[in-house]
Each structure stands twice: as C-alpha cells, then as structure tokens.
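# Residue-level structure breakdown
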Amino acid sequence: MDSSSYGVSHVSHISNPCIFGAGSSSSPEKKWNLMKWVSKLFKSGSNGGGGARTNHHPPQFQEDENMVFPLPPSSSNDRSRAARDKEELDRALSVSLADDTNRPYGYGWSMDNNSDFPRPFHSGLNPSFIPPYEPSYQVRRPQRICGGCNSDIGLGNYLGCMGTFFHPDCFCCDSCHYPITEHEFSLSGTKPYHKICFKELTHPKCEVCHHFIPTNEAGLIEYRCHPFWNQKYCPSHEYDRTARCCSCERLESRDVRYYTLEDGRNLCLECMETAITDTGDCQPLYHAIRDYYEGMYMKLEQQIPMLLVQREALNDAIVGEKNGYHHMPETRGLCLSEEQTVTSVLKRPRLGAHRLVGMRTQPQKLTRKCEVTAILVLYGLPRLLTGAILAHELMHGWLRLQGYRNLNPEVEEGICQVLSYMWLESEVLSDPSSSRNMPSTSTATSSSSSSNKKGGKSNVEKKLGEFFKHQIAHDASPAYGGGFRAANAAVCKYGLRRTLDHIRFTGTFPL
C-alpha cells in the first residue's frame, strides 16, 4: 500500500487485521485435519522402524482408536471472540487516527513507516474494509482578512503588503480605483497608487504645453509661477516665443489662441472681452473718471484732450516729451505737455482669424493751451486697465494745473498711483460702503460702470481689477512701486487732502 505524507489515502483503505497468538487459524477444521495428518506421519514412521514385520495392512498408530483430540471451539464462541477482537482493533485504530489529526502541518500517519505496528499487521490488512467513520483532515492556517473588502481570503491567491493582505482585485489605486497589477507602486501615507497616477497627482504639469515639467541638471523640478495667477510653466517658455498677454501677463496655452494686435502685442480672450480699441469708445470712460475726480473735490478746470494711440505713436511722443518720468520698458500712458502731432486710432479694428485688422488712424496736431496738451493711452487694453491708466495720467494733469512743480519721481508717480489704485478699488468693490473710508473721498462715487458693454462687471472683470491692483501694490520700481507704498501710507494716515497740502509745501510725503 502506498504511503502518504498526510495519512489520508491509507485511512480509507485500512481493514481488520488478523489476530496474532495460539489461535492464529481461523478454521477449526484445518486444525483437525492437521492433527490427523500428524498421526498418520507417526504411524508411517513406526512402521518403517520395525523392519521384520511383513504385514501389509496399513500402518496404524497404536493408540489411534484411543487418542482423544480437543474438539474445535464452538462456532458461536469463535465468532464472539473474533467480534470482540475486531472491536478492540477498530477502537485502537480510531484513537490512533484521532491523534494523527493533531499532528503539525506536513505530518501524517503512514503504515509503511510506522514501527509501532508489527510486520504481520501490515500483511493482514483487508483492502475491502471501510472504517466506521472517515476522519476529516484540514490544514490549520492563520486566518487572513482582506484589507480591501474585509472578508476572509480563504485558500485563493492573495497579496501581502503594507502589513496586511489583499485579494488581487481588492488592491486598488486610490486615484483611478483600478487594481494595481504592476510589481512597483507608489504609496502616499496608507494610500497606494499606480506610479503614473501618483505622478499625475504630485508632479506639476506645465499649464502652457500641458506636459510634466522636466527636471533640471540637478534632478530637481524647476518651473516658473506667476505671482498672482499661479500659472506654472516650464522655464523654456520664457524665451521660446510663447505669446504673453500684454494686459494680464499670462502665457498662451497650447489649446487656446490669443488675439494679435496690429502693433504686435497679444491679448488673451478674457482681456479681449472688454478691450477698448478706439478713441470714440473710450470717451465715456474718460468722462466718468473726470467725474470721479470732481467727486473728491479735485475738479479739472481745463478740457484736456484724450487720444488712444498705437504703441509706436506713444513711444514717439515720449521721445518728444521733455517732462515726466516714464515706466520702462513699456509705457501705457502719457500726460503730454509739449505741442506734438500724434497719430490716434480713429476707428476700431475688426476681428479676423485671431487678429485685429482694418484699423483706421488719423494724425492730429496738438497745441498747447495750458500746462497739459493731451493725455495719450495705449489702445487695445481692457476697460479696467484703461481706466486705471487714465486715472493715473489725469492726476499728472491735475498736479500741473494746480502748480505742483519740480516734484521728484517717487513723489509724483507715487501719488498718481494712489489715485489709480483708489479708482480701481471703487470699481472692483460691489458695495461702495465697503470701500476705503477717507475724509476727502467718502462722497466719491464712480459712474464709469455705465460704459461697460454688458451693463455690469463680471467675475472675470473683477478678477482682472484685483490683478491690476496687485500690479500697483507690488511694483518693484523705485518710482512707481516704492513711491506708491510711501504715498499710500501717508494717505491712509493723514488723508488725501492733507497729504497733497504737505506735498505742495515740502515736496515730500508726511511721515
């Protein structure tokens, strides 16, 4: 019989063994015949030993007739004894099998290797015997609970990681929720991810080309980020001719097309919505800002001409202007005090294939009738930025008309930036009562919202207004940035009127 390491196969084949000892024969008739055969043997031997006797009668044992042989046991007693022996053996076998089930994993019961059983026991097995019960053999193992579905894993395949176990289909990415089948994965805290999913979540993407931002030579992720819009982009886009909006400074994304103005500037879609492109469209906004000044008791007595011009015309006017400090590299407005001939935008250009084309310009000779000849503003800028430039240049005109002479750039540009900032603040804030409360500006209101083409400021336009305020407050130049912060601190402390009086007498800001 084949042996098994688990002791299961041979259990189902164990039979009732023979009984060892004096009564080894199972048939009493066999014993009787044996005794008769022995007696005949003795008779034959005694006959051969005499030699002289010639009697041909069959040899007989002398006491053949008087010999008494023990009778075979009764069949009932023999069956009773055999039954008892069988029951005792079955009981011993059951106890042995029960002990075998408690053995450690990998150990079983095998008759061929078991020295406790005598060899005759092996040969006396009856293959047809079936034990009274079939013991159940189960391998004892620690219970494994799936960390995904919280159910018992059982005997199937499983994964062991992060200190627990999972069904293969339960070990899923926390981002895409698909099973992780790769040999490597990323771990954030206790959350597993596919490597590509984890890169999508953590590795910054360029908002211009939409690719993962590459690492530099040191292996670090290096990118540029706009301080207000938080637009992240690859450093290479600063010199690869990627279009930048001339108003909000955002770079053109690969899936968005900017508008190109005739002078080469680019304008994003949001800034284009409220862009003012000719002198006629700008007149309502210009008069609204003059009213704003009048509401602060700073009325401009002279009618100062206002023109929208191209960048080239503005740069030419700057060259011919003797007075003033100009914000380089690009100036967007100019308070002109000299007589010049300026080419202004007479008719707005039309849109064509993301370009503004068909602009009509007209040269105009400006004569000096007062300290201010004209105010020039760059065309194609959104409404709030155009208004902020107008508010700044009108303050230059007011100072000159009021006799403020020979002011250093930090003082003059700083106070002009404060007026520009205040006007933007009045436009961005929807609730006029929540605006900054100063003694000389509490009654000032702006009617320039009537110039909005849509009849009201959208959230996009308000966000642009916040950006233009941010530009003024964080300007790094000494005159425009440093001057604004010093002027704004003085106005917040003493008010606009007292600050202007102090500037008139001392040429500096009050401390």
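Each remark here, short or long, concerns the structure printed above.
Note that this is a predicted model, so its numbers are computed, not measured.

### Describing the overall build of the protein chain
If you tally the helices and strands in the protein chain, you get 12 helices and 17 strands. For the protein chain, with 511 residues in total, the buried portion stands at 40%. Considering only residue pairs separated by 6 or more positions, the protein chain has 59% of its internal contacts joining residues 24 or more positions apart. Here the protein chain displays about 29900 Å² of accessible surface, and carbon together with sulfur accounts for 51% of that area.

### Things to note about the environment of V208
Here V208 lies in the loop between α4 (195-202) and β5 (224-225). Judged by relative accessible area, V208 falls into the buried class, the value being 0%. Between the C-alpha atom of V208 and that of T242, which follows or precedes it by 34 residues, the distance is 8.7 Å. Residue contacts for V208: discarding those within four places in its chain leaves Q231, K232, Y233, H237, T242, L251, E252, S253 and R254.

### Side note on the packing of aromatic side chains
Tallying each qualifying case throughout the model produces 11 aromatic pairs. Measuring from ring centre to ring centre gives 6.5 Å for Y292 and Y293, while their planes differ by 80°; the resulting arrangement is edge-to-face. What makes Y293 buried here is its relative accessible area of 0%. Cluster of aromatic residues (ring-pair linked, three or more members): F228, W229, F467 and F468. The side chain of R144 reaches across the aromatic face of F165, ending 5.7 Å from its centre. Seen from the ring of W229, R250 lies directly overhead, with NZ or CZ sitting 3.9 Å from the centre.

### Focus: helix α6 (residues 279-295)
Here α6 contains 17 residues, and its C-alpha end-to-end distance of 24 Å stays within 8% of the 24 Å for a straight helix at 1.5 Å per residue. All of the buried residues in α6 are T279, C282, L285, Y286, A288, I289, R290, Y292 and Y293. Check the buried side of α6 and you find it contacts β9 (275-276), β10 (306-309), β12 (340-347), β16 (374-378), α8 (383-401) and α9 (409-428). With a side-chain oxygen lying 3.3 Å from the backbone nitrogen of G280, the N-terminal cap of α6 falls on D278. Where α6 ends, the next residue or the one after it, Y297, has phi of about 60°, a positive value.

Rules used in this analysis
- Every chain is numbered independently, its residues counted from 1 as its sequence is written.
- Predicted model: local features are reported for residues with pLDDT of at least 70 only, side-chain atom pairs are reported and counted for 80 or more only, and whole-chain, interface and lining totals are derived from all residues.
- Values reported for side chains reflect all heavy atoms of the structure, with hydrogen atoms and water molecules removed beforehand.
- Counting from the N terminus, the helices are the DSSP runs of H or I reaching at least four residues and the strands are the DSSP runs of E reaching at least two.
- Buried, partly exposed and exposed residues are distinguished by accessible area as a fraction of the type maximum, computed with a 1.4 Å probe on protein chains only: under 20%, between the cut-offs, and over 50%, respectively.
- What makes two residues a contact is simply this: any of their non-hydrogen atoms within 4.5 Å.
- For the accessible areas, the method is Shrake-Rupley and the probe is 1.4 Å, while residue cover comes only from the protein chains on display.
- For Phe, Tyr and Trp, where Trp contributes only its six-membered ring, two rings pair if their centres lie within 6.5 Å, and the inter-plane angle classes them as stacked under 30 degrees, edge-to-face over 60, or tilted in between.
- Put simply, a charge is over a ring when the Lys NZ or the Arg CZ is close to the ring centre, within 6 Å, and near the line of the ring normal, within 35 degrees.
- Every helix has an expected span of 1.5 Å times one less than the residues it contains.
- Polar contact criterion, stated in full: a pair of N or O atoms within 3.5 Å, where within protein one must be able to donate a hydrogen and the other to accept it, and residues adjacent in sequence count only if both atoms are side-chain atoms.

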